Amino acid sequence: EEQLLESGGGLVQPGGSLRLSCAASGFTFSSYAMSWVRQAPGKGLEWISTISSSGGSTYYPDSMKGRFTISRDNSRNTLYLQMNSLRAEDTALYYCAKDQSWIQNLNWFDPWGQGTLVTVSS
Amino acid sequence: DIQLTQSPSFLSASVGDRVTITCRASQGISSYLAWYQQKPGKAPKLLIYFVSTLQSGVPSRFSGSGSGTEFTLTISSLQPEDFATYYCQHPDIYQLTFGGGTKVEIK
C-alpha cells in the first residue's frame, strides 16, 4: 500500500523557519514526481511546489517562489519542504502527495499524506 | 494565470439525488482537469483525471465531462459516503491550480 507520512509541523513565530518531511513507502519513490499542497483552516487547496522524480526540476507558483524550497532524498524515500520567513497566512495543514500522472508536466495527485499542521503565531 | 471557478460553492442534497458540480476555467484548458473528494478531517482523494477517467476504485456513480472551459462532475445517485467537499484541479505544472471547492451536505 502506498503511504505518505508528513512530519515537522508545529508552532513557529512570524519570520521563523521550518522544514517539513514526508516519508514515502509502498512504491518506488525515485520514479515519481512529488508535491506539496496546503490547506488553510476552513479554506481550499493551494499548490505549493512539485519536484521531478530525480530532483533535477522544481516548480512553484509565483506566490510561493522565494520563501519555499522543495527537495528530496531518493536514498531515504523522503520529500522535504523548507519554509522561511513564515507569516501568519502560512498557517495551514501541509500535505505531501505523489504525482500519479505518467505525462510530463501534468500532475494529479494520489495518494496524499494525512498532513502536518503549521501554525505561525507569536 | 488560470482560475477555476466552481459552482455552486455549497449544495444540499438527499441520498439518491443526482448531483452536478460545475468547474469553469478562465481560459481553455483542453481536457486537463481532475476532480478530488475531501471528507472532513481527511486528505483529498483523487476521483477523476483527464476530465472523465475514473481513478481505480472509484464507484461508477461518479462521472466527469466537459472540455475547454466548462466541466462537470456528476454523482448519479448520491450515497451517504459521498457527503464531502469536491475540488477541481488543472494539472498543468506551469499553471497548476485548484477550484475553490463545492461542499455537498445532507438535506
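Here the structure is shown first, and the text comes after it.
Since the model is a prediction, treat every value here as computed from it, not as a measurement.

Enquirer: Looking at this model, I keep getting lost on the overall build of chain A. Mind explaining?
Expert: In terms of helices and strands, chain A carries 0 helices and 11 strands. When its helices and strands are written in sequence order, chain A yields β-β-β-β-β-β-β-β-β-β-β. The C-alpha atoms of chain A give 14 Å as radius of gyration, which agrees with the globular expectation for 122 residues (14 Å, within 12%). Each principal axis of the C-alpha atoms in chain A carries an extent, and together these give about 40 × 30 × 25 Å.

Enquirer: Honestly, the state of the cysteines in this entry has me stumped. Any pointers?
Expert: Working definition of a disulfide: a covalent bond connecting the sulfur atoms of two cysteines. Inspection of every chain in the model, using the stated rule, returns 2 disulfides over all chains. Note on cysteine connectivity: C22 of chain A is disulfide-linked to C96 of chain A, with sulfurs 2.0 Å apart. A torsion of 55 degrees about the S-S bond marks the disulfide between C22 of chain A and C96 of chain A as right-handed. Highlighted residues: C22 of chain A in strand β3 (residues 18–25) and C96 of chain A in strand β9 (residues 92–99), separated in sequence by 74 residues. Residue pairing for C23 of chain B: its cysteine sulfur links by disulfide to C88 of chain B, the two sulfurs lying 2.1 Å apart. Looking down the S-S bond of the C23 of chain B and C88 of chain B bridge, the torsion is 75 degrees, so its handedness is right-handed. One end of the pair, C23 of chain B, is in strand β3 (residues 19–25); the other, C88 of chain B, is in strand β9 (residues 85–90), and 65 residues separate them in sequence.

Enquirer: Would you mind going over the sheet that holds strand β1 (residues 4–7) of chain B with me for this structure?
Expert: Two strands in a sheet stick together by hydrogen bonds in their backbones, pointing the same way (parallel) or opposite ways (antiparallel). Residue and element names in this part refer to chain B. Spatial strand order, β1-β3-β8-β7: 4 strands in an open sheet with antiparallel pairing. The sheet is open, and its two edges are formed by β1 and β7 (62–67), each paired on a single side. Taking the axes of each pair of neighbouring strands and ignoring which way they run, one obtains an average angle of 20 degrees across the sheet. The pairing of β1 with β3 spans 4 bridges and is antiparallel. Paired with L4 across the bridge in β3 is A25.

Enquirer: Explanation requested: unusual backbone geometry in the structure shown.
Expert: For residues that are not glycine, phi is negative in most cases, and the peptide bond is trans in most cases. D110 of chain A connects to P111 of chain A through a cis peptide bond whose omega is 0 degrees. When you line up the elements, P111 of chain A lands in strand β10 (residues 109–112). Each neighbour pair has its own omega, and for S7 of chain B with P8 of chain B the value is -10 degrees, a cis peptide bond. Mapped onto the secondary structure, P8 of chain B falls in the loop between β1 and β2 (10–13).

Enquirer: Could you clarify how one ought to interpret the environment of S26 of chain B in this entry?
Expert: Residue and element names in this part refer to chain B. Within the secondary structure layout, S26 lies in the loop between β3 and β4 (34–38). By relative accessible area, S26 is classed as partly exposed at 44%. In this view, S26 contacts D1, I2 and Q3; residues no more than four positions away in its chain are not counted. A polar atom in the side chain of S26 sits 2.8 Å from the backbone nitrogen of Q3.

Enquirer: I would appreciate a short explanation of the environment of M64 of chain A in the present structure.
Expert: Residue and element names in this part refer to chain A. Relative to the helices and strands, M64 is located in the loop between β6 (58–59) and β7 (68–73). In this structure the C-alpha to C-alpha distance between M64 and L18, which are 46 residues apart in sequence, comes to 15 Å. Apart from residues lying up to four places away in sequence, M64 is in contact with R38, E46, W47 and I48.

Enquirer: I'm lost on the pattern of salt bridges in this one. Help?
Expert: Opposite charge on two side chains permits pairing when their charged atoms draw close. A complete count under the given rule lists 10 salt bridges over all chains for this structure. Across the pair K98 of chain A and E2 of chain A runs a salt bridge, and its minimum N-O distance is 3.5 Å. Of this pair, K98 of chain A sits in strand β9 while E2 of chain A sits in the segment before β1 (3–7), placing them 96 residues apart in sequence. Accessibility expressed as a relative area gives 3% for K98 of chain A, which makes it buried. For E2 of chain A, a relative accessible area of 30% puts it in the partly exposed group. Of the charged contacts in the structure, one is a salt bridge between R24 of chain B and E70 of chain B, with a shortest N-O distance of 3.1 Å. Taken together, the positions of R24 of chain B in strand β3 and E70 of chain B in strand β8 (residues 70–75) put the pair 46 residues apart, joining distant regions of the chain. On the basis of relative accessible area, E70 of chain B is assigned to the partly exposed category, the value being 38%.

What counts, and at which threshold
- Residues numbered from 1 in each chain as written.
- Chains lettered and ligands numbered in written order.
- Predicted model: local features only at pLDDT ≥ 70, side-chain atom pairs only at ≥ 80, totals over all residues.
- Heavy atoms only, no water.
- Helix = DSSP H or I, 4+ residues; strand = E, 2+ residues; numbered from the N terminus.
- Rg over C-alpha atoms; globule rule 2.2 N^0.38 Å.
- Disulfide = S-S within 2.5 Å.
- Pairing = 2+ DSSP bridges.
- Axes fitted to C-alpha atoms, helices over the stretch in contact; angles between N-to-C directions.
- Buried < 20%, exposed > 50% of the residue type's maximum accessible area, 1.4 Å probe, protein only.
- Contact = heavy atoms within 4.5 Å.
- Polar contact = N/O pair within 3.5 Å; in protein donor to acceptor, adjacent residues only side chain to side chain.
- Salt bridge = Lys/Arg side-chain N within 4 Å of Asp/Glu carboxyl O.

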